[in-house]
Amino acid sequence: MNFETILGSVDFLEFLRGKKATFLLSASVTKTCEIPNISQAGIPGKLYLTPTLDVEFLCTKEVRSLQDIAKTPKGVPTPALITRAIHELNPFSNIEILDLGMEVIPKINYFKVHDFDIKASENIVNGANINAFEIFQKGLEFGQNYKTNDDYVIIAESIPAGTTTANATVKALGYECEGYFSSSFKNSPNDIKNETINKALENIDKNDDIFEKLSKVSDNMIIFCAGFILGSRVNNIKIILAGGTQMASVLLVINSILRSMEGEIDSSNIALCTTKWINKDKNSNIKALLEQLDFPINAYASDFDFAESFHPALKLYDEGEAKEGVGCGAALCFASINGLKKLEVTKKIESFLGV
């Protein structure tokens with residue numbers, strides 16, 4: 001198993017080889033996920049449960065708020081399986097949960113769940129109804145005060161319909177993003193997504209400042225994580241953003257905030273890690289998103305795929321379904337720099353599916 005450098009140099013990830021990591025999972029719901037067929041990140045009609053189930057499975061290898069592992073209608077199991085498999089083979093020294101607006105509290109004990117008193121955000125068609133400045137401030141303060149005994153922090157997300165809100169966010173901020181955003185579907189439901197994004201953008205007034213725009217079209221995860229990354233600069237923490245185009249949108253929000261304040265960031269301690277499925281996706285372009293940043297960024301993609309698996313549900317990943325989530329891209333890069341082999345990771349994932 002190895003990884004490819006999308007942007008920057010190989011040195012950042014190589015420096016972390018064999019070092020200890022804390023894994024933070026941002027779990028959140030945007031009611032945009034209630035739009036029929038907009039996302040396949042979970043069970044139709046129960047997408048609000050996806051982050052809850054992902055938290056439970058990542059922490060305990062069990063889902064407790066439902067009978068079985070969340071699968072898409074096509075039978076693609078959650079990417080939480082990938083992240084959990086790597087955690088079992090080479091554990092993160094710590095897993096912590098950021099509750100950024102879950103609708104159902106996960107049934108877990110002992111694991112630290114950070115509660116920020118944040119409610120699920122609304123459907124962006126009628127306005128997300130977020131107090132973006134307040135959420136950003138909560139992220140900023142958490143980042144400023146966050147302490148870890150590990151060498152770096154991996155920050156991941158589970159938020160169904162999150163690529164739609166991320167796309168709306170980046171478009172509202174004026175970046176080029178046509179055809180750049182990925183989807184949990186192999187064949188993205190672009191008509192539904194574009195209609196949703198266009199309706200959301202109609203809520204924006206030309207005099208809105210950045211936080212007023214984010215309050216209408218974004219989601220809690222993006223806004224909070226932007227604050228967290230800016231806040232954590234005071235502690236010089238090395239951070240890997242675990243995800244694809246959604247995490248690219250976090251960086252673009254940071255970029256816009258810095259532009260509005262005429263501020264700067266030393267981005268040498270930040271990297272983004274994603275999957276081969278995102279990096280090679282012909283229907284999106286994460287590199288083009290990241291190249292619009294005013295600051296340099298290190299970005300990597302794992303070369304892991306399911307070529308060594310015979311499980312039909314896992315083969316769907318290689319066909320372009322699911323692609324990313326629950327930090328699986330960063331977990332796979334973590335696996336690479338900790339010497340795990342593709343076959344052992346594949347076998348561990350298959351074991352969760354009864355193979």
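Every chain begins its residue count from 1, and numbering advances along the sequence as written. At least 70 in pLDDT is required for a residue's local features to be given in this predicted model, at least 80 for side-chain atom pairs to be given and counted, and no such filter applies to totals for whole chains, interfaces and linings, which use all residues. Values reported for side chains reflect all heavy atoms of the structure, with hydrogen atoms and water molecules removed beforehand.

Before going further, it helps to spend a moment on the packing of helix α5 (residues 162–172) against helix α7 (residues 210–217). Relative orientation of the contacting elements α5 and α7 amounts to 155 degrees, with a least axis distance of 9 Å. By the angle between their axes, α5 is roughly antiparallel relative to α7. Seen along the crossing, α5 lies across α7 with a hand that is right-handed. The residues of α7 that touch α5, namely those facing T165, A168, T169 and A172, are K213, L214 and V217. Of the residues belonging to the contact of α5 with α7, the class tally is four nonpolar, two polar and one charged. Axis angles are defined between N-to-C directions and span 0 to 180 degrees, where every axis is a line fitted to C-alpha atoms and, for a helix, only to the segment in contact. Each helix is a run of H or I in the DSSP string that is no shorter than four residues. Each strand is a run of E no shorter than two, and both are numbered from the N terminus. Angular relationships are summarised with four words: roughly parallel below 35 degrees, roughly antiparallel beyond 145, roughly perpendicular across 65 to 115, and oblique for the angles in between. Helix crossings get a hand from a simple test, with the near helix turned counterclockwise from the far one by less than a right angle marking a left-handed crossing and a clockwise turn marking a right-handed one. Contacts were defined at the residue level, with two residues in contact if any of their heavy atoms lie within 4.5 Å. Amino acid classes used here: Ala, Val, Leu, Ile, Met, Phe, Trp, Tyr, Cys and Pro are nonpolar; Asp, Glu, Lys and Arg are charged; the rest, including Gly, are polar.

A few words now on empty space enclosed by the protein. If a probe the size of a water molecule is rolled over the atoms, the empty space left behind becomes visible. Here a cavity denotes grid points, spaced 1 Å and computed from the protein atoms alone, that fit a 1.4 Å probe unable to get out, and a pocket denotes an open set having protein on both sides within 12 Å along at least 5 of 7 lines; residues with an atom within 4 Å of a point are the lining. Grid points are joined across faces, edges and corners, and a volume is the space filled by probe spheres set on the points. The final tally for this structure, using the stated rule, is one cavity of 30 Å³ or more. If you add up the space inside the largest cavity, you get close to 420 Å³. Breaking the lining of the largest cavity down by element, the ones donating at least two residues are α2 (50–60), β5 (152–158), α5 and α9 (245–261). Class assignment for the residues of the lining of the largest cavity results in 13 nonpolar, 16 polar and six charged.

Glancing now at the packing of α7 against α9. At a closest axis distance of 11 Å, the pairing of α7 and α9 adopts a crossing angle of 155 degrees. Judged by the angle between their axes, α7 and α9 are roughly antiparallel. Facing α7, whose interface residues are I210, F211 and L214, α9 presents V253, S256, I257 and S260. Residues belonging to the contact of α7 with α9 are distributed by class as follows: five nonpolar, two polar and no charged.

Next up on the list: the environment of E103. Considering the arrangement of structural elements, one finds E103 in the loop between β3 (94–99) and β4 (112–115). A residue is classified by how much of its surface remains accessible, and E103, at 38% relative accessible area, is partly exposed. Separated by 37 residues in sequence, E103 and L66 place their C-alpha atoms 14 Å apart. If near-sequence neighbours (up to four positions away) are discounted, E103 is found in contact with V29, K31, Y48 and A120. Each residue is assigned to one of three classes by its accessible area relative to the maximum for its type, calculated with a 1.4 Å probe on protein chains only: buried under 20%, partly exposed between the two thresholds, exposed over 50%.

Moving on to the pairing of β5. For β5, the buried fraction is high: seven of the seven residues fall into the buried class. On β5, burial covers both faces: Y152, I154, A156 and S158 on one face and V153, I155 and E157 on the other are all buried. Following DSSP output, two strands are said to pair if at least two bridges run between them. One ladder, built from seven bridges, connects strand β2 (residues 21–27) with β5; its direction is parallel. Along β5, the bridge assignment pairs L25 with A156.

A separate point is unusual backbone geometry. Of note, Y110 is a non-glycine position whose phi angle comes to about 75 degrees, a positive value. Here Y110 shows up in the loop between β3 and β4. The backbone phi angle of K323 is positive, close to 80 degrees, even though this residue is not glycine. Summarising the element assignment, K323 is placed in the loop between α12 (312–318) and α13 (328–337).

With that out of the way, let us pick up the sheet that holds β5. Read from one edge of the open sheet, eight strands run β1-β8-β7-β6-β5-β2-β3-β4, paired in mixed fashion. With one partner strand each, in any of the chains shown, β1 (3–7) and β4 form the two edges of the open sheet. This sheet shows a mean twist of 25 degrees between the axes of neighbouring strands, independent of strand direction.

Here the focus is the pattern of salt bridges. We count a salt bridge whenever a side-chain nitrogen from Lys or Arg sits within 4 Å of a carboxyl oxygen from Asp or Glu. One pass over the full model with this rule turns up 19 salt bridges. Put simply, K61 and E88 hold a salt bridge, and the shortest N to O gap is 3.7 Å. Of this pair, K61 sits in the loop between α2 and α3 (80–89) while E88 sits in helix α3, placing them 27 residues apart in sequence. Look at the salt bridges and you will find they share partners, linking K61, R84, E88 and K348 into a network.

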